[in-house]
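Here is how the chains run, residue by residue.
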Amino acid sequence: MSTRAWDASTYHTISCPQAAMAEAVLDRLELRGDETVLDAGCGSGRVTAALLDRLPRGRVVAVDADAGMVAHARDALPPDRAEVHQHDLAALVLAAPVDAAFSNAVFHWIPDHDALFAALARALRPGGRLSAQCGGRGNVARVQAAADAIVASDTELRDHFAGWSGPWHFAGPQDTEARLRNVGFTAVACWLEPWPVSPDEVETYLRTICLGPYLERVPEAQHAAFAREVAGRVGGELDYVRLNIVARVPSEAVD
Ligand SMILES: C[S@@+](CC[C@H](N)C(=O)[O-])C[C@H]1O[C@@H](n2cnc3c(N)ncnc32)[C@H](O)[C@@H]1O
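Sequence positions are assigned chain by chain, starting from 1 and proceeding in written order. Totals for whole chains, interfaces and linings use all residues, but because this is a predicted model, local features are given only for residues with pLDDT of at least 70 and pairs of side-chain atoms are given and counted only at 80 or more. Based on all heavy atoms of the structure, the side-chain values leave hydrogens and waters out of the count.

Caption draft 1: Broad picture of the overall build of the protein. Strands here mean DSSP runs of E at least two residues long; helices mean DSSP runs of H or I at least four residues long; both are numbered from the N terminus. If you tally the helices and strands in the protein, you get 11 helices and seven strands. Based on C-alpha atoms, the radius of gyration is set beside the globule rule, defined as 2.2 Å times the residue count to the power 0.38. Against the compact-globule benchmark of 18 Å for 255 residues, the protein has a radius of gyration of 18 Å, which places it among compact chains. In terms of its C-alpha atoms, the protein occupies a principal-axis envelope of roughly 60 × 35 × 30 Å. Only protein chains enter the accessibility calculation, which uses a 1.4 Å probe; a residue whose area is less than 20% of its type maximum is buried, one above 50% is exposed, and one in between is partly exposed. Each of the 255 residues in the protein was classed as buried or not, and the buried ones make up 51%. When checking whether two residues touch, look at their non-hydrogen atoms; a contact exists if any pair is within 4.5 Å. Excluding contacts between residues fewer than 6 apart, the proportion of contacts in the protein whose partners are at least 24 apart in sequence is 79%. Carbon and sulfur atoms make up 50% of the accessible area of the protein, which amounts to about 11200 Å² in all. To measure how exposed things are, a 1.4 Å probe is used in the Shrake-Rupley method; for residues, cover is taken only from the protein chains shown.

Right, dumping it as structure tokens:
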């Protein structure tokens, strides 16, 4: 499970790129408007609100592991139509199955995709659909290379990263399709989509979103300098590559 802490209110303000990415992921759910939908990794609730807009007669079950994100999402969402739970998605057990599951910009923060997909399959009713997007193979490779190079060039910093297994799990489409089928999903399709992002304030963006797992190992007094140095090396455009995922659990009759 991801252990980094998020700055939920800053994330809420600067996550315009994530909100834009989410639109096509939501389109692929093809909602009628009366379903109950899981938002797997709801963050601050900004994208959850866009999901709720598509559910005028429906409800959202929003789940996130981070206490600050959960508190922010609870404030941001109407309590009569959205329940927000703090939980690790890889060990998720819902009180009742949902009609569909949606997730945006979350799965790459979770190391164990087998456990994650098994939990999502359990959370869906028979015939329930999953539409998700996360960072995929090659995502922010230039950001990672810049951050890794800064760490490697500084002996003191290097000590803070000793034994570290790395920040993200950027999976490929074939591996992901196989994992989804292994836990019982059908009608599975996964594909990569380059999505360059040019944030308004690159340093703040990097500090709040991409560099979190690095910065929790860098002494606090060096956070600003670390983010500035990464921003200087990557320039204004971040090389996002998204992994799109659609799948369905079988209906009760074999299909
Ligand atoms: C980049 S934010 C995306 C939030 C939101 N879906 C959006 O599109 O704005 C990633 C979120 O994944 C959550 N997350 C990471 N690992 C998780 C886990 N194991 N279980 C639940 N949530 C997790 C983080 O707490 C964070 O809120």
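Resuming the write-up.
Caption draft 2: Layout of helix H6 (residues 141–152). Here the expected span of a helix is defined as 1.5 Å times the quantity of residues minus one. Taking 1.5 Å per residue as the helical rise, H6 with its 12 residues ought to reach 16 Å, and the 16 Å between its terminal C-alpha atoms agrees with that figure. Buried within H6 we find Val143, Ala146, Ala147, Ile150 and Val151. Along H6, the residues classed as buried sweep out an arc of 135 degrees about the axis, all on the same side. Buried positions along H6 lie against helix H7 (155–160), helix H9 (202–210), helix H10 (212–215) and helix H11 (223–234). Summarising the geometry, the arc corresponds to the directions from the helix axis toward the C-beta atoms.

Caption draft 3: Highlighting the pattern of salt bridges. Salt-bridge detection follows one rule: a side-chain nitrogen of Lys or Arg within 4 Å of a carboxyl oxygen of Asp or Glu. If you walk through the whole model with that rule in mind, you get nine salt bridges. Across the pair Arg32 and Asp34 runs a salt bridge, and its minimum N-O distance is 2.9 Å. The partner of Arg233 in a salt bridge is Glu229, and the shortest N-O contact between them spans 3.0 Å. Separated by four residues within a single helix, Arg233 and Glu229 lie in helix H11, roughly one turn from each other. With a relative accessible area of 44%, Arg233 lands in the partly exposed category. Taken together, the salt bridges that share partners define one network made up of Glu23, Asp27 and Arg54.

Caption draft 4: Here's a closer look at the environment of Glu177. The topology assignment puts Glu177 in helix H8 (residues 173–182). If we ignore the near neighbours within four places in the chain, the residues touching Glu177 are Val188, Ala189 and Cys190.

Caption draft 5: How the structure looks around the state of the cysteines. Cysteine sulfurs are considered disulfide-paired once they come within 2.5 Å of each other. The tally for this structure, following the rule as stated, stands at zero disulfides. Sulfur of Cys134: no disulfide; nearest cysteine sulfur belongs to Cys190 and is 8.6 Å away.

Caption draft 6: Fine view of the site of the ligand. Proximity is defined per residue: any heavy atom of the residue falling within 4 Å of a molecule or strand makes that residue near it. Within the structure, the ligand sits among 19 residues, and Tyr11, Gly41, Asp64, Asp88 and Asn104 are positioned closest to it. Polar contact criterion, stated in full: a pair of N or O atoms within 3.5 Å, where within protein one must be able to donate a hydrogen and the other to accept it, and residues adjacent in sequence count only if both atoms are side-chain atoms. Ala65 is positioned such that a nitrogen or oxygen atom in its backbone is 3.1 Å from a nitrogen atom of the ligand. Bound to the protein, the ligand loses 98% of the 600 Å² it would expose on its own. Gly is placed with the polar residues, together with every amino acid not listed as nonpolar (Ala, Val, Leu, Ile, Met, Phe, Trp, Tyr, Cys and Pro) or charged (Asp, Glu, Lys and Arg). Looking at the shell around the ligand residue by residue, the class counts come to 11 nonpolar, five polar and three charged.

Caption draft 7: Local environment of unusual backbone geometry. Unusually for a residue other than glycine, Ala105 sits at a positive phi of about 65 degrees. Its place among the elements puts Ala105 in the loop between strand E4 (98–104) and helix H5 (113–123). Judged by relative accessible area, which is 14%, Ala105 ranks as buried. Phi is positive for Ala187, close to 50 degrees, though the residue is something other than glycine.

Caption draft 8: Seen up close, the packing of helix H2 (residues 16–27) against helix H3 (residues 46–53). As a packed pair, H2 and H3 sit with axes 9 Å apart at the nearest point and diverge in direction by 30 degrees. If you check the angle between H2 and H3, you find them roughly parallel. For H2 against H3, the interelement crossing comes out right-handed. Contact residues: Cys16, Gln18, Ala19, Ala22, Glu23 and Leu26 in H2; Arg46, Val47, Ala50 and Leu51 in H3. Of the residues that constitute the contact of H2 with H3, the class distribution is seven nonpolar, one polar and two charged. Angles shown run from 0 to 180 degrees and are taken between the N-to-C directions of axes, each axis being a line fitted to C-alpha atoms and, for helices, limited to the stretch in contact. By the definition adopted for this analysis, an angle is roughly parallel if under 35 degrees, roughly antiparallel if over 145, roughly perpendicular if from 65 to 115, and oblique otherwise. Take the far helix as your reference; a near helix turned counterclockwise from it by less than a right angle gives a left-handed crossing, and one turned clockwise gives a right-handed crossing.

Caption draft 9: The nonpolar core, seen in detail. We define the nonpolar core as a collection of buried residues of types Ala, Val, Leu, Ile, Met, Phe, Trp, Tyr and Cys that are connected through side-chain atoms lying within 4.5 Å of one another. Counting residues in hydrophobic clusters, the biggest one holds 34 residues, and the most contacted among them are Val143, Leu206, Leu211, Phe226, Val230 and Tyr240. Looking at this core, the elements that each hand over two or more residues are helix H1 (8–14), H6, H9, H10 and H11. Apart from the residues within four sequence positions on either side, Tyr240 is in contact with Gln18, Met21, Asn139, Val140, Glu193, Pro194, Trp195, Pro196, Val197, Tyr205, Ile209 and Cys210. Core analysis: the second largest hydrophobic core is formed by 32 residues, Leu92, Val106, Phe107 and Val249 among them.

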